[in-house]
Every structure is written in structure tokens, then in C-alpha cells.
Amino acid sequence: MLATGQGEEEVFAELAARTGEWGACALALCLALGVPRPDAEVRIREVRPLFDEFEVGEEDLVAMFLACGHVFVVDRVLDGLGERIRDLLWTAASARGGFPGGMIPWFRTGELTKIFLLFARTRFRDGRGSPAEFWTAMVTAGDLLEAEGGPDQAEVTAGLEHCRAQAG
């Protein structure tokens, strides 16, 4: 089903409606996506109480909650440089005063350039956060991303220039 282009929520809802075995369907989907079995089992165990809140016929709602809970996210293992960049971006996020919860999967899946480019557009208002710490972390992360190269090189360079200007 995934190979035909169906999304995780749709696949879960369809399998769960067919079988009624919500936990088994969630586990099967995690495994099909590439989540290691021990991680998948922990995730399912953590959300299992949620299943009691819903009835047969509400599989699409369960699927939505599983997706919102990032149950189906496949964590990316990064090399040392990637880990350093992710740590810097996490530092920036903390110095910014937080970030939308919808970005958590970006950190988990290693969408480092995406995070950097979004954060590069940050504006500080109302005295929240620590701009100096934020921009310092962003400049360092941007330097590393720029040195790494990639298809978004021009945007990273522009974002880095902006970050340097803000840090100065």
C-alpha cells in the first residue's frame, strides 16, 4: 500500500478497519516504513492507551493521532557532522524560545537544511529568547551546512549571510 503512494495515515486506517487489530497494524506499518522493531514496539506500547478512547469506525481518527504523535517517523542516523549541525540547530531552537511541535520530525529525520532555512527567517519580538546565542549557533550551523554543499547551496549561503548580519 505504501509502494502505491498511500500515506501512513491512510494505510493504517484501511488496515485497522479491515482487521480491528490496531496495535498490530501500527507495528506492521512502522516496520514497513523502516522503524527498527524495538523502537516500534516502544512507540506502540506508549500509545496503546489511546486505542481505548476510540471505537470501531474511528480508525481514521486513531491514524491522525498516531501521525501527530510521530509514531510513524523513521529516525535518521546522522554522521558526526550531521549530529553537530543538529545539535547546533537544537541550541538555536532553545535560544529562540522554542519552535512549532510540527518541526520535531524534521529534527528526527535529519531535515537539517530545512530547519536552518526556516530558522534563518526568525524575528525576535517581545524580548523573548536569546538572540545572541541563537544567531551564534545559526552562523556555526550555516558554516557547516555551506561547507557540506548540496542542492540548496544558494539558499543556505543566503541564509548564512543573513544570520551573520543578524549576529553582527
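Cut-offs and rules
- Residues numbered from 1 in each chain as written.
- Predicted model: local features only at pLDDT ≥ 70, side-chain atom pairs only at ≥ 80, totals over all residues.
- Heavy atoms only, no water.
- Salt bridge = Lys/Arg side-chain N within 4 Å of Asp/Glu carboxyl O.
- Helix = DSSP H or I, 4+ residues; strand = E, 2+ residues; numbered from the N terminus.
- Buried < 20%, exposed > 50% of the residue type's maximum accessible area, 1.4 Å probe, protein only.
- Polar contact = N/O pair within 3.5 Å; in protein donor to acceptor, adjacent residues only side chain to side chain.

Caption draft 1: Here's a closer look at the pattern of salt bridges. Evaluation of the coordinates by the stated rule reveals 6 salt bridges. Between arginine 43 and aspartate 75 there is a salt bridge, with the nearest N and O atoms lying 3.2 Å from each other. With arginine 43 in helix H3 (residues 37-51) and aspartate 75 in the loop between helix H4 (59-68) and helix H5 (80-96), this pair connects stretches of sequence that are 32 residues apart. Assessed through its relative accessible area of 37%, aspartate 75 is described here as partly exposed. Linking aspartate 75 and arginine 108 is a salt bridge whose minimum nitrogen-to-oxygen distance equals 2.7 Å. One end of the pair, aspartate 75, is in the loop between H4 and H5; the other, arginine 108, is in helix H6 (residues 104-109), with 33 residues separating them in the sequence. Connected through salt bridges with shared partners, the residues Arg43, Asp75 and Arg108 form a single ionic network.

Caption draft 2: Structural view of the side chain of threonine 122. Mapping threonine 122 onto the fold places it in the loop between helix H7 (112-119) and helix H8 (131-148). On the basis of relative accessibility, which here comes to 10%, the residue threonine 122 falls in the buried class. Separated by 3.1 Å, the side chains of threonine 122 and arginine 96 make a polar contact. Within the local environment of threonine 122, its side chain forms a polar contact with the backbone oxygen of phenylalanine 119, the two atoms lying 2.8 Å apart.

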